[in-house]
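Here's the letter readout for the chains.
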Amino acid sequence: MAARKASEGFSKGLMGEVHRWGAMKQTGVSLRYMMEFGSRPTPRNLLISAQFLHKELPIRIARRAIELDSLPYGLSQKPAVLKVRDWYLDSFRDLRSFQDIKDKNDELEFTQMIKMIKVRHNNVVPMMALGVQQLKKDLNPKIDYEDLDEIHQFLDRFYMSRIGIRMLIGQHVALHDPNPPPNCVGYIDTKMSPVEVARSASEDARSICFREYGTSPDVNIYGDPKFTFPYVPTHLHLMVFELVKNSLRAVQERFMDSDKIAPPVRIIVADGLEDVTIKVSDEGGGIPRSGLPRIFTYLYSTAKNPLDEQPDIDLGTATTMAGYGYGLPISRLYARYFGGDLQIISMEGYGTDAYLHLSRLGDSQEPLP
């Protein structure tokens, strides 16, 4: 109950201010704008960027804090959700109590503060997953999860907004790097090779498969490694890792007791005029058609939440990113954040194809839930 007591400690004045800022209009930025603006990280540009974030971040954070307070089915009262709400309110207060940013010293101090805010929110995804699990324990098992649409939509908005907040903070902080890697503008690699990122993500996914099963199917990648386009490599790595990990698991489970050699997972990278598309194909047996609508939801996961397995774990310090079944819906949000999408097409009895579309143009505005 510590979280409840803590949140009672937030003054009425602060809550009034949260509602005032939550009603203000958010301002979206495009990948292209971030790239062009960040390509000249002069002290003046860093000052402008900090002044923008000083006004923009409280609006985005206030909107989420308000929503966290008014969720259906009593989700707002779950201890894990109260904890997340407290993080958002603390960050809002930190931002609002920071003085106007007038010079380089203010800007550097502000940058340190938003860096700390980003760390404070590191565990928001597993913590919200835990809150949803706490809710599921209390819900009538007869409730059809299709009826919990409101919660799915809230989590989509909530996680999409979090991707945006972390991108804006991470981009601003990274622009201070005195020796950026070649072709990098903050988080953005202006010459990212999707084939190389897919290779590295596949190796990571295979090592997890080896750890779990002692063996792993091969991953074959088709595409021109020299082809590059501007994108955020950490986002692409996360998405491809998730898709390949799912495929490896499906193939491994299907062929574990078979005499046949497990077929490889295939990744095909295609560069079109509008989109770069990455297809991840497996022969892992596919998903029944009736189960397809569920794969992008947050409430069906059969995977274990690490926070759930160790109930005494200190929720404030627990860091883990695997095992609560949010990989696909969150990967789709990462794809949509810069104007792309993720589609899954399955052939029950054979396998699954995942199509990851990434917009090449880079001029779509951030979605602002």
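Predicted model only: the values in this text are computed from it and were never measured.

### A word on helix 4 (residues 43-68)
So, point 1. Over its 26 residues, helix 4 extends 37 Å from the first C-alpha to the last, a length consistent with the 38 Å expected when each residue adds 1.5 Å.
So, point 2. The sharpest bend along helix 4 comes to roughly 25 degrees, located at Leu53.

### A short note on the nonpolar core
So, point 1. Grouped together as the largest cluster of nonpolar side chains are 100 residues, with contacts concentrated most on Met128, Tyr159, Leu236 and Leu356.
So, point 2. Here this core takes twelve residues from helix 8 (residues 149-174), the largest share from any one element.
So, point 3. When residues no more than four places from it in sequence are discounted, the contact partners of Leu356 are Leu236, Met239, Val240, Leu243, Val276, Thr277, Ile278, Ala335, Asp341 and Leu342.

### Some details on the pattern of salt bridges
So, point 1. Across all of its chains, the model carries 14 salt bridges by this definition.
So, point 2. One salt bridge connects Asp94 with Arg120, and the closest N-O pair in it is separated by 2.9 Å. Note that Asp94 is positioned in helix 5 (residues 79-96) and Arg120 in helix 6 (residues 104-120), a separation of 26 residues in sequence.
So, point 3. The class of Asp94 is partly exposed, set by a relative accessible area of 25%.
So, point 4. Owing to a relative accessible area of 27%, Arg120 belongs among the partly exposed residues under this scheme.

### A few points about the confidence of the model for the protein
So, point 1. Looking at the protein as a whole, its pLDDT mean stands at 89, while 88% of the residues score no less than 70.
So, point 2. Low pLDDT, under 50, characterises residues 1-7; the stretch is placed with eleven contacts to residues that sit more than four places away or in other chains.
So, point 3. With pLDDT under 50 throughout, residues 315-322 is counted as low confidence; its partners more than four residues away or in other chains account for 15 contacts.

### Regarding the packing of aromatic side chains
So, point 1. Tallied over the entire structure, the rule returns twelve aromatic pairs.
So, point 2. For the ring pair Tyr231 and Phe338, a centre distance of 5.9 Å and an interplane angle of 70 degrees mean the geometry is edge-to-face. On the criterion of sequence distance, the pair formed by Tyr231 in strand 4 (residues 229-231) and Phe338 in the loop between helix 12 (327-337) and strand 7 (341-347) is long-range, its members being 107 residues apart.
So, point 3. Relative accessible area serves as the criterion here: at 3%, Phe338 is assigned to the buried category.
So, point 4. For the cation-ring pair, Arg332 lies above Phe296, with the distance from its terminal atom to the ring centre recorded as 4.0 Å.

### Examining the packing of helix 4 against helix 5
So, point 1. Closest axis-to-axis distance for the helix 4/helix 5 pair is 9 Å, and the angle between their directions is 155 degrees. Here helix 4 is positioned roughly antiparallel relative to helix 5, judged by the angle of their axes. Crossing of helix 4 over helix 5 shows left-handed handedness. Facing helix 4, whose interface residues are His54, Leu57, Pro58, Ile61, Ala62, Arg64, Ala65 and Leu68, helix 5 presents Val81, Val84, Arg85, Tyr88, Leu89, Ser91, Phe92, Leu95 and Arg96.
So, point 2. By residue class, the composition of the contact of helix 4 with helix 5 is twelve nonpolar, two polar and three charged.

### Here we look at unusual backbone geometry
So, point 1. Despite not being glycine, Tyr73 has its phi angle at roughly 60 degrees, a positive value.
So, point 2. With respect to the helices and strands, Tyr73 occurs in the loop between helix 4 and helix 5.
So, point 3. The class for Tyr73 is partly exposed, based on a relative accessible area of 38%.
So, point 4. The backbone of Asn183 sits at a positive phi, close to 65 degrees, despite the residue not being glycine.
So, point 5. The exposure class of Asn183 is partly exposed, given its relative accessible area of 38%.

### Notes on the layout of surface pockets
So, point 1. The calculated volume of the second largest pocket comes to roughly 240 Å³.
So, point 2. Taken together, 13 residues form the lining of the second largest pocket, with Val29, Tyr33, Phe37, Ser49 and Phe52 sitting closest to its centre.
So, point 3. Every element with two or more residues in the lining of the second largest pocket is listed here: helix 3 (31-38), helix 4 and helix 8.
So, point 4. Of the residues in the lining of the second largest pocket, the class split is nine nonpolar, four polar and no charged.

### Re the environment of Met34
So, point 1. Tracing the backbone through its elements, the reader meets Met34 in helix 3.
So, point 2. You can call Met34 buried: its relative accessible area is 7%.
So, point 3. Along the chain, Met34 and Asp363 lie 329 residues apart, while their C-alpha atoms are 10.0 Å from each other.
So, point 4. In this structure Met34 touches Val29, Met167, Leu168, Gln171, Val185, Ile188, Tyr337 and Phe338, once residues within four positions along its chain are discounted.

### Concerning the sheet that holds strand 1 (residues 184-185)
So, point 1. What the three strands build is an open sheet, ordered 1-2-4; its pairing is antiparallel. Every interior strand has two partners, whereas the edge strands, strand 1 and strand 4, have only one.
So, point 2. Summarising the sheet, strand 2 (residues 188-192) and strand 4 pair through two bridges and their orientation is antiparallel. The residue bridging Met192 from the neighbouring strand is Phe229, located in strand 4.

Rules behind the numbers
- Residues numbered from 1 in each chain as written.
- Predicted model: local features only at pLDDT ≥ 70, side-chain atom pairs only at ≥ 80, totals over all residues.
- Heavy atoms only, no water.
- Helix = DSSP H or I, 4+ residues; strand = E, 2+ residues; numbered from the N terminus.
- Expected span 1.5 Å × (residues − 1).
- Bend = angle between axes of the 7 residues up to and from the residue.
- Core = buried A, V, L, I, M, F, W, Y, C linked by side-chain atoms within 4.5 Å.
- Buried < 20%, exposed > 50% of the residue type's maximum accessible area, 1.4 Å probe, protein only.
- Contact = heavy atoms within 4.5 Å.
- Salt bridge = Lys/Arg side-chain N within 4 Å of Asp/Glu carboxyl O.
- pLDDT = per-residue confidence, 0-100.
- Phe/Tyr/Trp six-rings, centres within 6.5 Å; stacked < 30°, edge-to-face > 60°.
- Lys NZ or Arg CZ within 6 Å of the ring centre and 35° of its normal.
- Axes fitted to C-alpha atoms, helices over the stretch in contact; angles between N-to-C directions.
- Parallel < 35°, antiparallel > 145°, perpendicular 65-115°, else oblique.
- Left-handed = near helix turned anticlockwise from the far one by under 90°.
- Nonpolar A, V, L, I, M, F, W, Y, C, P; charged D, E, K, R; others polar.
- 1 Å grid on protein atoms, 1.4 Å probe; cavity = no way out; pocket = protein on both sides within 12 Å on 5 of 7 lines; lining within 4 Å.
- Points joined across faces, edges and corners; volume = space filled by probe spheres on them.
- Pairing = 2+ DSSP bridges.

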